[in-house]
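Residues per chain are reported as follows:
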Amino acid sequence: MLFRSARPDQDLVPYPRPQKRGGGRPSPELEATVNALKLARNEVADDVGLARGTVLANAVIEEVARAEPSDLAGLRAIDGMRAWKAGLVGERFLSILSR
């Protein structure tokens, strides 16, 4: 037998909806920039023989695309961007971001 509430249906409170998190889907322009940065990261990783995620995680690449730094100092200021990583991808990233 199914349980039936003693309260009428109109008195029942619906289960709360979870709040949406994150910024949602990025714009097509941001996606294009992220894809170009990932391609540059992949080329660098292949050149130096490191795993792509070791060179730079996708989340950091997305932060770079959002921040649009104009110099190496701005690039290094992004969370997750270590100095050696900025040294590997910095010039290529800044070239892509200046387009």
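Residues numbered from 1 in each chain as written. Predicted model: local features only at pLDDT ≥ 70, side-chain atom pairs only at ≥ 80, totals over all residues. Heavy atoms only, no water.

**Here we look at the overall build of the chain**
Thinking step 1. Across its full length, the chain holds five helices and zero strands.
Thinking step 2. Traced from its N-terminal end to its C-terminal end, the chain shows the element sequence α-α-α-α-α.
Thinking step 3. In terms of overall size, the chain is more extended than a compact globule, its C-alpha atoms giving a radius of gyration of 22 Å where 99 residues would be expected to give roughly 13 Å.
Thinking step 4. On the principal axes, the C-alpha backbone points of the chain span a range of 70 × 25 × 25 Å.
Thinking step 5. Taking all 99 residues of the chain together, 26% fall into the buried category.
Thinking step 6. Contacts spanning at least 24 positions in sequence make up 54% of the contacts within the chain whose residues lie at least 6 apart.
Thinking step 7. Accessible area of the chain: about 7,600 Å², with a carbon and sulfur share of 51%. (Helix = DSSP H or I, 4+ residues; strand = E, 2+ residues; numbered from the N terminus. Rg over C-alpha atoms; globule rule 2.2 N^0.38 Å. Buried < 20%, exposed > 50% of the residue type's maximum accessible area, 1.4 Å probe, protein only. Contact = heavy atoms within 4.5 Å. Areas by Shrake-Rupley, 256 points an atom, 1.4 Å probe, with all protein chains shown as cover.)

**Digging into helix α5 (residues 83–97)**
Every α-helical turn comprises 3.6 residues, leaving residues that sit three or four positions apart pointing alike.
Thinking step 1. A maximum bend of about 60° is found in α5 at V89.
Thinking step 2. Listed in full, the buried residues belonging to α5 are K85, A86, V89, G90, F93, L94, I96 and L97.
Thinking step 3. Contact partners of the buried residues in α5: α1 (28–48), α2 (52–55), α3 (58–67) and α4 (72–76). (Bend = angle between axes of the 7 residues up to and from the residue.)

**As for the side chain of R41**
Thinking step 1. With respect to the secondary-structure elements, R41 resides in helix α1.
Thinking step 2. The buried charged residue R41 lacks any salt bridge partner; its closest oppositely charged side chain belongs to D46, at an N-O distance of 8.4 Å.
Thinking step 3. Only 3.1 Å separates the side chain of R41 from the side chain of N58, close enough to count as a polar contact.
Thinking step 4. Apart from the residues lying within four places of it in its own chain, the contact partners of R41 are R52, V55, L56, A57, N58, I61 and F93. (Lys, Arg positive; Asp, Glu negative; His and termini not counted. Salt bridge = Lys/Arg side-chain N within 4 Å of Asp/Glu carboxyl O. Polar contact = N/O pair within 3.5 Å; in protein donor to acceptor, adjacent residues only side chain to side chain.)

**Some words on the nonpolar core**
Thinking step 1. Core analysis: the largest hydrophobic core is formed by 20 residues, its most contacted members being L37, L56, V64, L75, M81, V89 and F93.
Thinking step 2. For this core, the secondary-structure elements that each account for two or more residues are α1, α3 and α5.
Thinking step 3. Considering every element that reaches this core, the biggest residue donor is α1, with six residues.
Thinking step 4. Beyond its immediate sequence surroundings of up to four residues, M81 is in contact with L56, V60, V64, L75, R76, A86 and V89. (Core = buried A, V, L, I, M, F, W, Y, C linked by side-chain atoms within 4.5 Å.)

**With respect to the packing of α1 against α5**
Thinking step 1. At a closest axis distance of 10 Å, the pairing of α1 and α5 adopts a crossing angle of 155°. By the angle between their axes, α1 is roughly antiparallel relative to α5. For the pair α1 and α5, the sense of crossing is right-handed. Residues T33, A36, L37, A40, R41, E43, V44, D47 and V48 of α1 pack against L88, V89, R92, F93, I96 and L97 of α5.
Thinking step 2. When the residues that make up the contact of α1 with α5 are grouped by side-chain class, the tally is ten nonpolar, one polar and four charged. (Axes fitted to C-alpha atoms, helices over the stretch in contact; angles between N-to-C directions. Parallel < 35°, antiparallel > 145°, perpendicular 65-115°, else oblique. Left-handed = near helix turned anticlockwise from the far one by under 90°. Nonpolar A, V, L, I, M, F, W, Y, C, P; charged D, E, K, R; others polar.)

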